[in-house]
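Examining the three-dimensional arrangement
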Amino acid sequence: MKKILRGLHFQSVSGMDYYYDDCSGMVFPCPGGLKNTLLNQDADSLDRLEKTPPEQLEYWERFIQERHHKYGAFWAPGSFPQIPSKPDPDVLAETTARNGFRQLILTVTGTCNLQCRYCINSMIYPYSETMPSETMSLQVAKKAVDYYLDNIARIRRSDPCRTAVITFYGGEPLLQFPLIEEVVRYIREKKVANVLFTISTNGLLLDDKVTDFFVANNFAVWVSLDGPEQQHDRNRTTPGGKGSFSDVFANIKRFWQRHSDYPLLGFLVTYDWRSDISELWQFFKSHQEFKKSLFMFNPVGSHFTDYYKQFSQQERNAFFESVATIRKNLYAPLTDDDNDPLINFFILSPYRLHLMRKILGLPGRPEIPGTGTCLPGEKICVLPDGRLQPCERVPGLANIGTVETGLNYKVIAELINMYNRNITTQCSGCRIMQLCKTCFSHFWSGKDFCKPTPSFCENQVQWTGELLSEIYSLLEEVPGYYEEVMKIYQRRYSQMLSLNF
């Protein structure tokens, strides 16, 4: 069987050459002899270099073969990954019963008291269905909970420590706070052990009664906050166009006053090319309370939307130049007191994935090899009317069942088949498969799975090469940075591991 080289050459700022090997997940220093030998041996390489000098050839060929024998490095079959045939619905049902469900997401209402300009359910994403304005009934919520907990009970026979994760979502879920109270009470009455409740909210209705309830029930509370007033209010407005920052931040400060040591309050920060990252950084650093908080930074989604057409090339360039400048200021040695949100965003989160690739291994499942997508049914998103969807991040994706009938594995099998046919077949030989995080949400066009742009995958490869160059340039200057990143992530962000679904 034909073998191909699956990996990526990159260079640090100092000019050192490295090779990221996607087969083993390892990074090798890559002097000219190794680089030339690899490229000269690769039958598919278009980047042929001069023949390796004879005195080096034997050494480097032995080096390559030894690493391939011990770690599976460098060479992958040209047909990898093997794309499975259409999954058997019965086998999928057995797999889900054995391994799922990781999370139950209850979309308790489609209504929202804000009209954010980048909302995934707005018209800027034409492939998304408009979220139904109806409210989930207690009957639908109970059926969804029963279905989920029955599965958890089966899983716990072999995995007693499995956490049940139940998330309240919207619209704005706090518009239905009485329903949330009823659902939590219903679950508590069942005496289910090891349950984590989470909620994503815009914070407008985060009053004392609500926050006390969340703390009493150990909710992980994620509040959307895009930085200081001017930045937050640029996109997060009421239907009448009024900014929401003053009300939201007042509620956050009251939360802090009542529950100053609460560890499960986090913030969802959304940014675009007009966001002033430096100003945002100063805002989060100016309030000591944020040091105890968790953060997730996400760009406004760029796939299948014209949202970014509003920005000029000058704005785009200015944004990335400012980010590059800020990033350089983050390379000071980390300390035990560090909980800087930008360090989390620029270093801890992206660097962790790339530094832990050997531990994490290949993404995907046997049914969907190659990318980082979930298997539909591993988590369940329930719409207000009781329909089930694979994920809250892909509105408009085909329904995969109802709370009345459960998951429809024939529909799931067809969905997987469609994804494999249109996306996974193109993954063979990908140079960064172990680092791929793409999923259904990147490729769903409203009718089918496809790349949002022809250069999408090459852009991912280019971005990965730039990030690897950045990481190893830093490690050359501060060799102990790897240990610092891992230590702080493990100690201060172990909670995030249970919350980052």
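Residues numbered from 1 in each chain as written. Predicted model: local features only at pLDDT ≥ 70, side-chain atom pairs only at ≥ 80, totals over all residues. Heavy atoms only, no water.

1. Regarding the environment of H9
Looking at the element boundaries, H9 is found in strand 2 (residues 7–11). Overall, the relative accessible area of 28% leaves H9 in the partly exposed class. On a C-alpha basis, the gap between H9 and D21 in space is 8.7 Å, while along the polypeptide they are 12 residues apart. When near neighbours in sequence (up to four residues on either side) are disregarded, H9 contacts Y18, Y19, C30, K35, L38 and L39. (Helix = DSSP H or I, 4+ residues; strand = E, 2+ residues; numbered from the N terminus. Buried < 20%, exposed > 50% of the residue type's maximum accessible area, 1.4 Å probe, protein only. Contact = heavy atoms within 4.5 Å.)

2. Re the packing of aromatic side chains
Following the criterion strictly, the structure yields 49 aromatic pairs and no others. Considering the side-chain rings of F177 and F213, the 5.3 Å spacing of their centres and the 90° angle between planes classify their relative orientation as edge-to-face. Highlighted residues: F177 in helix 5 (residues 177–189) and F213 in helix 6 (residues 208–216), separated in sequence by 36 residues. We note that F177, like F213, is buried. Taking 4.8 Å as the distance between ring centres and 70° as the angle between the ring planes, the aromatic pair formed by F284 and F295 counts as edge-to-face. Of the two residues, F284 is situated in helix 9 (residues 277–285) and F295 in strand 11 (residues 294–299); the sequence distance between them amounts to 11 residues. The same class applies to F284 and to F295, which are both buried. Grouping aromatic residues by their ring pairs yields a cluster made of F245, F249, W256, F267, F283, F284, F290, F295 and F297. (Phe/Tyr/Trp six-rings, centres within 6.5 Å; stacked < 30°, edge-to-face > 60°.)

3. Section: the pairing of strand 11
Sheet topology note: the strand 10 (residues 265–271)/strand 11 ladder contains six bridges and is parallel. Across the sheet, the residue bridging to V269 is F297, located in strand 11. Remark: the strand 10/helix 9/strand 11 crossover connection has right-handed handedness. (Pairing = 2+ DSSP bridges. Right-handed = clockwise from strand over helix to strand, strands pointing away.)

4. Brief notes about the nonpolar core
When a protein is soluble and globular, its nonpolar side chains tend to lie buried together. L106, F168, F214, F219, L225, V382 and F449 are the most contacted members of the largest nonpolar core, which totals 100 residues. Residues in contact with F219, not counting those within four places in the same chain, are F168, I180, V184, F197, T198, I199, F213, F214, Y262 and L264. Counting residues in each nonpolar core, the second largest holds 16 residues, with F10, V461, L468 and L474 among its members. (Core = buried A, V, L, I, M, F, W, Y, C linked by side-chain atoms within 4.5 Å.)

5. Quick look at the packing of helix 6 against helix 8 (residues 245–258)
Between two packed helices, the angle of one axis relative to the other and the distance separating the axes together describe the packing. One can describe the packing of helix 6 onto helix 8 by two numbers: an axis separation of 10 Å at closest approach and a directional angle of 50°. Viewed along their axes, helix 6 and helix 8 adopt a mutual orientation that is oblique. Along this stretch, helix 6 crosses helix 8, giving a crossing that reads as right-handed. Listed contacts from helix 8 to D208, T211, D212 and V215 of helix 6 are R254, F255 and R258. Class assignment for the residues of the contact of helix 6 with helix 8 results in two nonpolar, one polar and four charged. (Axes fitted to C-alpha atoms, helices over the stretch in contact; angles between N-to-C directions. Parallel < 35°, antiparallel > 145°, perpendicular 65-115°, else oblique. Left-handed = near helix turned anticlockwise from the far one by under 90°. Nonpolar A, V, L, I, M, F, W, Y, C, P; charged D, E, K, R; others polar.)

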